[in-house]
Every structure is written in C-alpha cells, then in structure tokens.
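Given next are the chains, with one letter for each unit.
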Amino acid sequence: MRLPPDPSTARVPGPWAHRDVSANGIRLHVAELGEGPLVLLLHGFPEFWWSWRHQLVAIAEAGYRAVAVDLRGYGDSDKPPRGYDGFTLAGDVAGLVKALGEPRAHLVGHAWGGMLAWTVGAMHPRLVYSVTALAAPHPLALRRAIRRNPRGQGRASAHLFRFQVPMRPERWLTKDRGVAVAGMLRAWSGPKWTVSPEFDEVVRRNREAFLVPGVAHSSMEYHRWAVRSQLRSDGRRFTEAVDRRLEVPVLQIHGALDPVMLESTAADSGMWTGARSAYRVLPEVGHFPHQETPHTTSRLITDFLAKV
C-alpha cells in the first residue's frame, strides 16, 4: 500500500520562494516572487497554489510582489477541524496581507478563491486595492441564480449539494488515488486545454495534492458551510456583510464554456462592482481561465492592475 503524500510535496520548485506565514491563528504556506505592490493569488477547487504558476511569473515581471497561497485546509497550509466559514476565511486573507507587511493588496481569486476575494473586498475594504475574480460570480449572485434558475445554474452547481453528505465525498475524492479530481478537471475545462501538453501534469499534481491527509475533508467543509449556512443565522449575517457595492475596481474574467459557474451568473454580479470595473469573457475557455489561456489571462490582469 502506498502511503499518502507528505504536505511538503505541495512545495513545487520554481523561480518562486516558499515560506510559511502565521495569520489569523494558523500557518499558511505561500509561494512568492517579485517586488512591488502586493498581489495575493487565491486558488479554487480542486486546486492548490500551483494553479497560479503562470501568473506568479507574469505579475512579478510586471513589477509586483506576487504571492500565491495555499488556502486553509489545502496544500502545505494548516488543516484545522474548523474555520471554513466565510468570516474566518476572509480573516485568513486579511491577516495574511498584514502578516506579509503590506497595508493593502490586489486580490486575484479563482472560483472559491474569487468568491473569497469578493468577500474580503466587502468585509475588509481598507486592506484591498482591487479585486480580480476568475470564474467567480459574487456570492449573492450565485445564490440568486441557483434559486431562480434551478435547471441552469442550479444544475451546474449540483456538486455543491452532493458534497453535503458526510464522509462519502471524501472517499470519492481520494478513491483510486484521486481519479475523481482528474474527472472534474477534464469535465470543467474547455476542449483545447485538455489536449494540451501540460494538462497531464496538471492532473497528476492536483490528484496528488488531494491525497495529502486532510485536504479532501477540508475542501468539502467549504462547500458544506456555503449550503448549510443558508438556513442559519451566520448565513444571514454573511449576506448582510457582503451585500454592498465594493469601494474598489473589480475585474471579472470568465470562460464562455464554463460549465460550473455559468457566464450569465457572473454577468449578474455588476450591482456589487465598484467604479472603473471591467468584465471580460474568453471564448472557448472553461472553468480555469488562468490555466487554459495563461498568457491572455495574465495580460488582462496586469493591464487592469496598471490602471488601478
């Protein structure tokens, strides 16, 4: 029987430097490259910090301090039993900005990381220069779309509800050494990326990342809080906290073929965007714009940052 991989396997070598940062009461692993204003990169599911490998280089070359973090419960960051609610996760990001010694940061997030960027922009506006959300509608736009369009966004988000049962999703994610992770990456991507030379490496690294003890369970806790909180007081408090127009510019980047977060749902996020915001749709791209079209996505991000 093969042993599960050590969390340190998440520290993929490259031109970046790896280090640990204490923030909001936990240890977070980050990969860092470049000097200048801080750009904090927040990954989605089913990924880890390495999904930003292309943007780390491009953003650093554009004159910024690019930092990609393993979110709570992922990669080589701590995996505590609790703290996967929107308030605590936003506190992780806010604490990380401070722990990195910066007064503010540009937040760039994909999927769950993007919705977290929206959340931090609303809850901790003094720490945020701008928000860039990839494949990530505003959390309230997503909730509204699921309720109003059950056959559209509701069906696209069906995995949210399948993940609510205890233990079974964790077993599914780790069965056959993470074959379900490979299936999600392939099903959620545009057709051009899945035949690209790097796709096999992406699948291999993300399968391994989800076999690290605790990652499968922690990733499910994000989904469980998002659904179950709708019926609780903390869900109502979260809605009140994020239901405000952001004070900073927002760039939304969305794949036209995204089967998980529909483009129409992302487009409905405009009522929460600040002044000088922008919305870009990438044709023939699925749920992972930063990996499927890294050069185009990096250019859109750095052009936007230069204007903020």
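Residues numbered from 1 in each chain as written. Predicted model: local features only at pLDDT ≥ 70, side-chain atom pairs only at ≥ 80, totals over all residues. Heavy atoms only, no water.

**Points about the overall build of the protein chain**
On a plain count of helices and strands, the protein chain comes out with 15 helices and eight strands. Here the protein chain has a C-alpha radius of gyration of 18 Å; the compact-globule value for 308 residues is 19 Å, and the two agree. On the principal axes, the C-alpha backbone points of the protein chain span a range of 55 × 45 × 40 Å. Looking at the 308 residues of the protein chain, the share that counts as buried comes to 58%. Looking at the protein chain alone, contacts between residues at least 24 apart form 76% of all its contacts between residues at least 6 apart. Accessible surface computed for the protein chain: about 12800 Å², of which carbon and sulfur atoms make up 54%. Separation of charge centres in the protein chain, based on 39 positive and 29 negative side chains, amounts to 6 Å. (Helix = DSSP H or I, 4+ residues; strand = E, 2+ residues; numbered from the N terminus. Rg over C-alpha atoms; globule rule 2.2 N^0.38 Å. Buried < 20%, exposed > 50% of the residue type's maximum accessible area, 1.4 Å probe, protein only. Contact = heavy atoms within 4.5 Å. Areas by Shrake-Rupley, 256 points an atom, 1.4 Å probe, with all protein chains shown as cover. Lys, Arg positive; Asp, Glu negative; His and termini not counted. Charge placed at Lys NZ, Arg CZ, Asp CG, Glu CD.)

**Details of the packing of helix α8 (residues 179–187) against helix α10 (residues 199–211)**
Running from N to C, α8 and α10 cross one another at 135 degrees; their axes reach a closest spacing of 8 Å. In terms of their interaxial angle, α8 and α10 are classed as oblique. The crossing of α8 and α10 is right-handed. In contact with V179, V181, A182, L185 and R186 of α8, α10 contributes F199, V202, V203, N206, R207 and F210. Of the residues assigned to the contact of α8 with α10, the class counts are eight nonpolar, one polar and two charged. (Axes fitted to C-alpha atoms, helices over the stretch in contact; angles between N-to-C directions. Parallel < 35°, antiparallel > 145°, perpendicular 65-115°, else oblique. Left-handed = near helix turned anticlockwise from the far one by under 90°. Nonpolar A, V, L, I, M, F, W, Y, C, P; charged D, E, K, R; others polar.)

**Focus: the packing of helix α2 (residues 86–99) against helix α3 (residues 112–123)**
Close contact between α2 and α3 brings their axes to 9 Å; oriented N to C, the two are set at 80 degrees. In terms of orientation, α2 and α3 fall into the roughly perpendicular class. Residues G86, F87, L89, A90 and V93 of α2 form the contact with α3, whose participating residues are L116, T119, V120 and M123.

**Side note on the packing of aromatic side chains**
For any two aromatic rings, the description comes down to two numbers: the centre-to-centre distance and the angle of the planes. Applying the stated criterion across every chain yields a total of 15 aromatic pairs. Residues Y74 and Y222 carry aromatic rings whose centres are separated by 5.7 Å and whose planes lie at 70 degrees to one another, so their mutual orientation is edge-to-face. A residue pair is termed long-range when its members are at least 10 positions apart, and Y74 in the loop between β4 (65–69) and α2 and Y222 in helix α11 (residues 215–228) qualify at 148 residues. The two residues Y74 and Y222 agree in class, both being buried. (Phe/Tyr/Trp six-rings, centres within 6.5 Å; stacked < 30°, edge-to-face > 60°.)

**Concerning the sheet that holds strand β8 (residues 278–282)**
On the basis of which strands lie adjacent, the open sheet formed by eight strands has the order β1-β2-β4-β3-β5-β6-β7-β8 and mixed pairing. Edge positions in the sheet fall to β1 (17–23) and β8, since each of these pairs with one other strand and no more. Averaged over neighbouring strand pairs, the angle between their axes works out to 20 degrees when direction is ignored. Examined bridge by bridge, strand β6 (residues 128–134) and strand β7 (residues 250–255) share four bridges and lie parallel to one another. What sits directly across from T132, in β7, is L251. Packed on one face of the sheet, α2 meets β1, β2 (26–33), β3 (38–42), β4 and β5 (105–110) and runs near 115 degrees to β1. The sheet strands contacting α3 are β3, β5, β6 and β7, and the helix crosses β5 at an angle near 145 degrees. (Pairing = 2+ DSSP bridges.)

**Describing unusual backbone geometry**
F45 connects to P46 through a cis peptide bond whose omega is 5 degrees. Residue M167 is not a glycine yet carries a positive backbone phi of 70 degrees. Tracing the backbone shows M167 in the loop between α6 (158–162) and α7 (168–174).

**Side note on α2**
Side chains that are three or four residues apart share a direction in an α-helix, a result of its 3.6 residues per turn. With 14 residues, α2 should reach 20 Å at 1.5 Å per residue; the first-to-last C-alpha distance of 20 Å fits that figure. Counting buried positions along α2 yields 10 of 14 residues, so the element is predominantly enclosed. Along α2, the positions that sit buried rather than exposed are G86, L89, A90, G91, D92, V93, A94, G95, L96 and V97. The distance from a side-chain oxygen at the start of α2 to the backbone nitrogen of F87 is 3.2 Å, and the residue carrying that oxygen is D85. Just beyond α2, the residue with positive phi is G101, at close to 80 degrees. (Expected span 1.5 Å × (residues − 1). Polar contact = N/O pair within 3.5 Å; in protein donor to acceptor, adjacent residues only side chain to side chain.)

**A closer look at α8**
Three or more residues of α8 are buried, namely A180, V181, A182, M184 and L185. In this fold, the buried residues of α8 make contact with α7 and α10.

**Focus: the pattern of salt bridges**
Throughout the structure, instances matching the rule amount to 15 salt bridges. R11 is the salt-bridge partner of D20, the closest N and O atoms lying 2.4 Å from each other. Note on R11: relative accessible area 25%, which makes it partly exposed. Put simply, E102 and R65 hold a salt bridge, and the shortest N to O gap is 2.9 Å. Here the residue E102 occupies a position in the loop between α2 and β5, and R65 occupies one in strand β4, the gap between them amounting to 37 residues. Residue class for E102 comes out partly exposed when judged on its relative accessible area of 21%. (Salt bridge = Lys/Arg side-chain N within 4 Å of Asp/Glu carboxyl O.)

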